[in-house]
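Okay, here's what each chain looks like letter by letter:
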Amino acid sequence: MVDFKGLPSPDDLLILLTVARLGRFTAVAEALETTHTTVSRRVAALDRRLGGRTLARTPHGWELTELGRRAVAAAEGIESSLGDLSASMANKDESLTGHVRVGASDAFGALIVAPALARLQEEHRLLRVELVTATRRLSRNRSGFDLEIVPGTAEAPRVQAVVVTDHVRRLYAGRGYVRRRGMPHSLEELTGHAFVGYAESALQVAELAYGRQSITDEPAAFQATSIFPQAEAVRANAGIGLLPEYVVRGHSDFVPVLHHEFERHVRFWAAARSESMRSPAVRAVVSYLLEEAQRRRHQLLPPPRIWDEEEA
């Protein structure tokens, strides 16, 4: 007979596994629909049962101790078995269950990540996905996400990162703006033009700045924290903006400016802690995201509609 009274609670082990992935008690409480106090109490109960600390507080958030890593390995086995059981009870031949929380920048999250997550969930109905969008760099502390999709660089302690894609940002203007101000034909002629860009006081990712240091010394006349209002401001003739091609694709009212003379390349990464990268759901998200990025790259893009001076 197995002495179940001497074993740690499976519920407590699964809570520890969620802490290891999300890194913050508050994020775990949200994911499990409980309270911060309950999460803390269950981890403490697990520590007492195991006879030692499973978590250690560091400048970067909660980290697993050696005992914690052994406990998480057991918790991953429990999670896998419960996923198989849930799938069989639902008469579905799939093993992805539970909840996965993904963070991504606004436009990339909406136009690239969301379709990938939708396809994943369509094939795995037992999986609940949550997408939180905000343009920021990779968190060096425990972020509260199973997976972060970030532009620029993905350097942080104990983080595993996979390159998702590189994309190009080029200069565009609205048709009314070009009619009113004229079309620049060289980088030097950009001087004096109005620009649309990120709010510099809030921008965390230097690679997304419109690069005025290499174009003009004038700050952006219209600034926003999201690429979507920037694109709409450009469309509404507020100025010239550095916009991702995947945002303006298919919209003929964006006029390319110096299309072959100036561009910026930005790399996007999928990054997570090792505990999260071992999760089947997180690995599936990365796989579907890579497939979506590859599909977008292989789409045939129409050539940009070059401004005809007669339109002015």
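None of these values were measured; they are calculated from a predicted model. (Residues numbered from 1 in each chain as written. Predicted model: local features only at pLDDT ≥ 70, side-chain atom pairs only at ≥ 80, totals over all residues. Heavy atoms only, no water.)

**Student:** Can you tell me about the overall build of the chain, naming the residues and giving the values?
**Tutor:** The helix and strand inventory of the chain stands at 10 helices and 11 strands. Burial statistics for the chain: of 312 residues in total, 47% are counted as buried. Taking as baseline every contact in the chain between residues at least 6 positions apart, the subset at least 24 positions apart corresponds to 75%. With the model as given, the accessible surface of the chain reaches about 15500 Å², and the carbon-plus-sulfur share is 51%. (Helix = DSSP H or I, 4+ residues; strand = E, 2+ residues; numbered from the N terminus. Buried < 20%, exposed > 50% of the residue type's maximum accessible area, 1.4 Å probe, protein only. Contact = heavy atoms within 4.5 Å. Areas by Shrake-Rupley, 256 points an atom, 1.4 Å probe, with all protein chains shown as cover.)

**Student:** Describe in detail the packing of aromatic side chains, supporting the description with residues and values.
**Tutor:** The description of two aromatic rings rests on the distance between their centres and on the angle between their planes. One pass over the structure, following the stated rule, counts four aromatic pairs. Relative to F268, the ring of F108 has its centre 3.9 Å away and its plane inclined at 5°; by these criteria the two rings are stacked. Of this pair, F108 sits in helix 5 (residues 106–123) while F268 is found in strand 11 (residues 263–273), placing the two residues 160 residues apart along the sequence. Owing to a relative accessible area of 2%, F108 belongs among the buried residues under this scheme. (Phe/Tyr/Trp six-rings, centres within 6.5 Å; stacked < 30°, edge-to-face > 60°.)

**Student:** Just give me the short version of the nonpolar core, but keep the residues and values in it.
**Tutor:** What tends to happen in soluble globular proteins is that the nonpolar side chains get buried as a cluster. Counting residues in hydrophobic clusters, the biggest one holds 40 residues, and the most contacted among them are F108, V113, L147, I149 and L243. The element that contributes the greatest number of residues to this core is helix 10 (residues 280–298), accounting for eight residues. Contact partners of V113, with chain neighbours within four places excluded, come to V102, A104, F108, L131, I149 and L289. (Core = buried A, V, L, I, M, F, W, Y, C linked by side-chain atoms within 4.5 Å.)

**Student:** Which residues make up the packing of helix 2 (residues 25–32) against helix 3 (residues 36–50), and what values go with them?
**Tutor:** Packing of helix 2 against helix 3 leaves a shortest axis separation of 8 Å and a crossing angle of 105°. By the angle between their directions, the pair helix 2 and helix 3 is classed as roughly perpendicular. Along its contact with helix 2, which presents F25, T26, V28 and A29, the element helix 3 presents H36, V39, S40 and V43. Residues that form the contact of helix 2 with helix 3 fall into these classes: five nonpolar, three polar and no charged. (Axes fitted to C-alpha atoms, helices over the stretch in contact; angles between N-to-C directions. Parallel < 35°, antiparallel > 145°, perpendicular 65-115°, else oblique. Nonpolar A, V, L, I, M, F, W, Y, C, P; charged D, E, K, R; others polar.)

**Student:** Which residues make up the environment of A44, and what values go with them?
**Tutor:** Structurally, the position occupied by A44 is in helix 3. Put simply, A44 and T54 are 10 residues apart on the chain and 8.8 Å apart in space, counted from C-alpha to C-alpha.

**Student:** Tell me about the packing of helix 1 (residues 10–22) against helix 3, and please be specific about residues and values.
**Tutor:** Between helix 1 and helix 3, the least distance of the axes is 9 Å, while the angle of their chain directions is 115°. The two elements helix 1 and helix 3 meet at a crossing, and its hand is left-handed. In this structure, helix 1 uses D11, D12, L13, I15, L16 and V19 to contact helix 3, whose residues at the interface are V39, R42, V43, A45 and L46. Per-class residue counts for the contact of helix 1 with helix 3 are eight nonpolar, no polar and three charged. (Left-handed = near helix turned anticlockwise from the far one by under 90°.)

**Student:** With reference to specific residues and values, describe the pairing of strand 9 (residues 240–244).
**Tutor:** Of all the five residues making up strand 9, five are buried; the element is thus mostly covered by neighbouring parts of the structure. Because side chains alternate across strand 9, one face comprises the buried residues I240, L242 and P244, and the other comprises G241 and L243, equally buried. One ladder, built from four bridges, connects strand 6 (residues 159–174) with strand 9; its direction is antiparallel. Across the sheet, the residue bridging to Y172 is G241, located in strand 9. By the bridge criterion, two bridges tie strand 7 (residues 195–198) to strand 9 in an arrangement that is parallel. (Pairing = 2+ DSSP bridges.)

**Student:** Residue-level account of the confidence of the model for the chain, with values.
**Tutor:** For the chain, mean pLDDT is 81; residues scoring 70 or higher make up 79% of the total. Within the chain, no element has a lower average pLDDT than helix 4 (residues 66–89), which sits at 78, and none a higher one than helix 7 (residues 227–235), at 94. (pLDDT = per-residue confidence, 0-100.)

**Student:** An account of the side chain of T65 is needed here, citing residue identities and associated values.
**Tutor:** Within the secondary structure layout, T65 lies in the loop between strand 2 (61–64) and helix 4. The class for T65 is buried, based on a relative accessible area of 19%. A distance of 3.0 Å separates a polar atom in the side chain of T65 from the backbone nitrogen of G68. Apart from the residues within four sequence positions on either side, T65 is in contact with R53, T54, L55 and A56. (Polar contact = N/O pair within 3.5 Å; in protein donor to acceptor, adjacent residues only side chain to side chain.)

**Student:** An account of the environment of D146 is needed here, citing residue identities and associated values.
**Tutor:** Position of D146 among the secondary structure elements: in the loop between strand 4 (127–133) and strand 5 (147–151). Take D146: its relative accessible area is 7%, and that puts it in the buried class. Between the alpha carbons of D146 and A272 there is a distance of 6.4 Å; along the sequence they are 126 residues apart. What D146 contacts, discounting residues up to four positions off in sequence, is R21, L22, H99, V100, R101, A272, S276 and V282. Among the polar contacts listed, one links the side chain of D146 to the backbone nitrogen of R101, at a separation of 2.7 Å.

**Student:** Explain the pattern of salt bridges to me, using residue names and the numbers behind them.
**Tutor:** Inspection of every chain in the model, using the stated rule, returns 15 salt bridges. Between R101 and E130 there is a salt bridge, with its nearest N and O atoms 3.2 Å apart. Of this pair, R101 sits in strand 3 (residues 98–104) while E130 sits in strand 4; the two residues are 29 residues apart in sequence, bridging distant segments of the chain. On the basis of relative accessible area, R101 is assigned to the buried category, the value being 12%. When its relative accessible area of 28% is taken as the criterion, E130 is described as partly exposed. Where R235 meets D253, a salt bridge forms, and the shortest distance between an N and an O atom there is 2.7 Å. With R235 in helix 7 and D253 in the loop between helix 8 (245–248) and strand 10 (254–256), this pair connects stretches of sequence that are 18 residues apart. When its relative accessible area of 29% is taken as the criterion, R235 is described as partly exposed. (Salt bridge = Lys/Arg side-chain N within 4 Å of Asp/Glu carboxyl O.)

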